[in-house]
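Letter by letter, the chains look like this.
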Amino acid sequence: MSKTIFLVRHAVKEKAIGDISITSFGIKQAQSTARYLARWPIAAILSSPLRRASETADYIAQETKSTIRIDTRLRERANWGDLPGQSFQQFVEMWERCTRNPDWIPPIGDSARQAGERLSSLIMELVQSYPSGSHLVIVTHGGLLTDYLVHAFPEEELRRFHPQFITEQTGLVPECSITKLVYEREQCRIDTFASVEHLQDIAGSGTTNE
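Residues numbered from 1 in each chain as written. Predicted model: local features only at pLDDT ≥ 70, side-chain atom pairs only at ≥ 80, totals over all residues. Heavy atoms only, no water.

> For this particular structure, what's the right way to read the pattern of salt bridges?
If the charged atoms of two oppositely charged side chains come close together, the side chains can form a pair. The full count for this structure, using the stated rule, is 16 salt bridges. For R69, the salt bridge goes to E125, with nearest N and O atoms at 3.6 Å. Of this pair, R69 sits in strand β3 (residues 68-70) while E125 sits in helix α4 (residues 112-129), and the two are 56 residues apart along the sequence. R75 is paired through a salt bridge with D82; the nearest N and O atoms lie 2.5 Å apart. R75 gets classed as partly exposed once you look at its relative accessible area, which sits at 26%. Within this structure, R69, D71, R73 and E125 form a network of salt bridges that share partners. (Salt bridge = Lys/Arg side-chain N within 4 Å of Asp/Glu carboxyl O. Helix = DSSP H or I, 4+ residues; strand = E, 2+ residues; numbered from the N terminus. Buried < 20%, exposed > 50% of the residue type's maximum accessible area, 1.4 Å probe, protein only.)

> Just to check I follow, could you spell out the sheet that holds β3 for this structure?
Pairing between the strands of a sheet is mediated by backbone hydrogen bonds and can be parallel or antiparallel. Within the open sheet, the six strands sit side by side as β3-β2-β4-β1-β5-β6. Their pairing is mixed. Looking at strand neighbours, the two that pair on one side only are β3 and β6 (187-195), the edges of this open sheet. Direction aside, the axes of adjacent strands within the sheet are offset by 20° on average. Two strands pair when backbone bridges link them, and strand β1 (residues 3-9) and strand β5 (residues 178-184) are joined in this way by six bridges, in the antiparallel orientation. Following the sheet pairing, T4 is matched in β5 by V182. On top of the sheet, helix α2 (residues 51-64) reaches β2 (42-47), β3 and β4 (135-140); it is set at about 165° to β2, its chief contact. Its contacts with the sheet put helix α5 (residues 142-152) on β1, β4, β5 and β6, and the angle it makes with β1 is roughly 135°. (Pairing = 2+ DSSP bridges. Axes fitted to C-alpha atoms, helices over the stretch in contact; angles between N-to-C directions. Contact = heavy atoms within 4.5 Å.)

Written out as structure tokens, the structure reads:
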């Protein structure tokens, strides 16, 4: 029997520097995501330590009657505000250089490859720790999700979801979208990518790079 992992990007966050909260609309997104995930018996929820992710995870935990475990491996590759004095434009330029060159290590944070390997190690740890039939939720960041997918799956598989997945990856994961992984026969496969069907009952959107 397989194991299912729901990779959830955090809800829409406030537009400010540092470790910031989700917006009032983000709360609605998190609540809709929580109601959707409550269809399954969730064995565990893991979250990035950053507030926008942990707050999103809180709503999922309340609805699914699950507990949250914070794991630093789920932190974004870099967060605006981690490097003192860095402007948003400088942050974006650093981010884009990381995306273009996955082995480049920025002055703060991890390379894209290192970040993807962090999430990969956590996923493998989870699938080895929980029994068949388990449903697990990971709440993290859009950049980390694509860092993982780009380095864990062949490009031809990713192109099934977007023809220019590698070059367009930064904008492909909307807030509170769900990417569903299925682990069976000793490997993960992507079942659905960045689905937002569960958010159709609310209006509005807003996408960021982190």
